[in-house]
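# Observations on chain architecture
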Amino acid sequence: PMVVRIPLGAKTRSGPFHANMIESWFLNDPGLVIVFPSNPQDAYDLLVEAAALPDPVVYLEHLGMYGLRGGMTGWGDRIHMQVDTESVAKSIESGDTYKLGKANVVRGGSDGTIVTWGAMVHVCEQAIKDSGVSCDLIDLQTLVPWDRDAIIKSIEKTGRCVIVHEAPKTSGFGAEMAASIQERCFYHLESPIERVTGWDTPFPHTTEWDYMPGPS
């Protein structure tokens, strides 16, 4: 049992040595639990749960979200959240997981399903607000295990799916998700599954927004 915290991601101008999204490096190693929170409350809750697991956990933290500072274009306003330590403690004591392996439906809609994680949750939320399109926005929170049931339920309702991640498109987790969703939701999909991702290049040092998905 061990939790390894790994900072990664753009918005800090840390270049190709620290900004690359490397979740796919760990996804093919059986036995690892992989966590990727998108906000302070989830970061706390998931870290507490991860520490209580008997399995090794890779806990990924987006560098650009530390403190969720103001002025982060496309990632929404600064978030102030109070950690509910009592409910998390009770969950751990009872042996039940509180959030691990469970996706969070950030907002509901009917025109499509957007699946994402980490900082891209805020990008997608801003995009939905700007476009006015009604979408289910699903924050995975945990990449292994990932909540297939929540996503399938949403797609059965909306008929469309877009997977968004900051990592490169080739061999990204979105490809695995798309294949799994296609197998289970073929007759519910009204259009092909789309992936919106980073480019298949090393992460640039100064032109981060030209590389990663944005709200527009």
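What comes next concerns the included structure. This one's a predicted model, so the numbers in the text were calculated from it and none came from an experiment.

What counts and what doesn't
Residues numbered from 1 in each chain as written. Predicted model: local features only at pLDDT ≥ 70, side-chain atom pairs only at ≥ 80, totals over all residues. Heavy atoms only, no water. Helix = DSSP H or I, 4+ residues; strand = E, 2+ residues; numbered from the N terminus. Buried < 20%, exposed > 50% of the residue type's maximum accessible area, 1.4 Å probe, protein only. Contact = heavy atoms within 4.5 Å. Pairing = 2+ DSSP bridges. Right-handed = clockwise from strand over helix to strand, strands pointing away. Expected span 1.5 Å × (residues − 1). Core = buried A, V, L, I, M, F, W, Y, C linked by side-chain atoms within 4.5 Å. Arc of directions from axis to C-beta.

## Details of the side chain of Thr-142
Summarising the element assignment, Thr-142 is placed in strand S7 (residues 142-144). A residue is classified by how much of its surface remains accessible, and Thr-142, at 0% relative accessible area, is buried. Setting aside residues up to four positions removed in sequence, Thr-142 forms contacts with Val-33, Ile-34, Val-35, Leu-46, Lys-99, Leu-100 and Gly-101.

## Observations regarding the pairing of strand S3 (residues 57-62)
Of all 6 residues in S3, 6 are buried, a share of seventy percent or more. As paired elements, strand S1 (residues 3-8) and S3 share 6 bridges and run parallel to each other. Paired with Val-4 across the bridge in S3 is Val-58. Following the backbone out of strand S2 (residues 33-35), through helix H3 (residues 40-52) and into the adjacent parallel S3, one traces a crossover that is right-handed.

## Let's talk about unusual backbone geometry
The phi torsion of most residues other than glycine is negative, and most of the peptide bonds are trans. Following Val-144, the chain continues to Pro-145 via a peptide bond in cis, the omega torsion being -5°. With respect to the secondary-structure elements, Pro-145 resides in the loop between S7 and helix H6 (148-158).

## Examining helix H7 (residues 173-185)
For H7, which comprises 13 residues, the first-to-last C-alpha distance of 18 Å matches the rise-based estimate of 18 Å (1.5 Å per residue) to within 8%. Restricting attention to buried positions, one finds in H7 the residues Phe-173, Gly-174, Met-177, Ala-178, Ser-180, Ile-181 and Cys-185. Its buried side turned inward, H7 meets helix H2 (23-27), strand S5 (112-116), S7, H6, strand S8 (161-168) and strand S9 (194-198).

## A few points about the pairing of S9
The sheet contact formed by S8 and S9 spans 4 bridges and is parallel. Its bridge partner lying in S9, Val-162 is registered against Glu-194. For the handedness criterion, the β-α-β arrangement of S8, H7 and S9 is classed as right-handed.

## Some details on the nonpolar core
Within the largest apolar cluster, 30 residues are counted, with the highest numbers of intra-cluster contacts made by Trp-117, Leu-140, Ile-151, Ile-163, Met-177 and Ile-181. For this core, the secondary-structure elements that each account for two or more residues are S1, S3, H6, S8 and H7. Formed by 13 residues, the second largest nonpolar core is a distinct cluster that contains Ala-19, Ile-114, Phe-203 and Met-212.

## A few points about H6
Ile-151, Ile-152, Ser-154, Ile-155 and Thr-158 are the residues of H6 that are buried. Here the buried residues of H6 occupy an arc of 165° about the axis, which is enough to place them on one side. With respect to the buried face of H6, the exposed residues turned more than 90 degrees away are Asp-149, Lys-153 and Lys-157. Where H6 is buried, its residues touch S5, strand S6 (135-139), S8 and H7.

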